[in-house]
Amino acid sequence: MKECIIKSPLGFTKIIGDEEGIASVIVFNSEEKITYIIPVELEDCVIQLNEYFEGKRTQFDLNLNPEGTNFQKQVWKQLEQIPYGKTMSYLDLSKQLGDVKAIRAVANANGKNPLWIIVPCHRVIGSDGSLTGYAGGLHRKQWLLEHESPYKQQSLF
């Protein structure tokens, strides 16, 4: 597996993958050494993430190859169906997967998503609209949802 570390508006981001696809995209709280020569297998991912942060990309077009159980992969595939700028509750996600009682398992699979931003687990919120749980931290989840919002808050000054 190849890897690189880039700087994003939300911290240092490690991308791991190979010719089979991107396996992992994670963000760090601590400072990491930036990779200046990006492996060819990861170039498209770096370009598309930068386009996302610049507001030029709303969908990713990458080969993905995350490790997980069949159930986790089913949940992650469903997450990819949540449109840019929209949110869905854990309950609604469970309903879409066909089992309302699986809400905890769905939330657990959501939390183990190894493809930060690309598989948009940040778009899943509590039934009451609250920003519940996010492996990258709630401040990042809020930033991502505001970044994707069609309603930008303008400064009064």
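Residues numbered from 1 in each chain as written. Predicted model: local features only at pLDDT ≥ 70, side-chain atom pairs only at ≥ 80, totals over all residues. Heavy atoms only, no water.

When you go through the protein residue by residue, the secondary structure sums to 5 helices and 5 strands. Mapped in sequence order, the helices and strands of the protein form the string β-β-β-α-α-β-α-α-β-α. Overall, the protein is about 50 × 45 × 25 Å in size when its C-alpha atoms are taken along their principal axes. Taking all 157 residues of the protein together, the buried fraction comes to 45%. Of all intrachain contacts in the protein linking residues separated by at least 6 positions in sequence, the fraction that spans at least 24 positions is 55%. By element, 49% of the accessible surface of the protein is carried by carbon and sulfur atoms, the whole surface being about 9300 Å². The positive charge centre, built from 17 side chains, and the negative charge centre, built from 19, are 7 Å apart in the protein. (Helix = DSSP H or I, 4+ residues; strand = E, 2+ residues; numbered from the N terminus. Buried < 20%, exposed > 50% of the residue type's maximum accessible area, 1.4 Å probe, protein only. Contact = heavy atoms within 4.5 Å. Areas by Shrake-Rupley, 256 points an atom, 1.4 Å probe, with all protein chains shown as cover. Lys, Arg positive; Asp, Glu negative; His and termini not counted. Charge placed at Lys NZ, Arg CZ, Asp CG, Glu CD.)

In spatial order, the strands read 1-2-3; together these 3 strands make up an open sheet with antiparallel pairing. In this open sheet, the two edge strands, each paired with only one partner strand, are strand 1 (2–8) and strand 3 (21–28). Put simply, the sheet's adjacent strands are angled 20 degrees from each other on average, direction ignored. In the sheet, strand 1 pairs with strand 2 (residues 11–18) via 7 bridges, with the strands oriented antiparallel. Residue Cys4 lies in a different strand from strand 2, and its bridge partner there is Ile15. (Pairing = 2+ DSSP bridges. Axes fitted to C-alpha atoms, helices over the stretch in contact; angles between N-to-C directions.)

Here we take up unusual backbone geometry. The backbone of Ile117 sits at a positive phi, close to 70 degrees, despite the residue not being glycine. You can see Ile117 is positioned in the loop between helix 4 (103–111) and strand 5 (124–125). On the basis of relative accessibility, which here comes to 1%, the residue Ile117 falls in the buried class.

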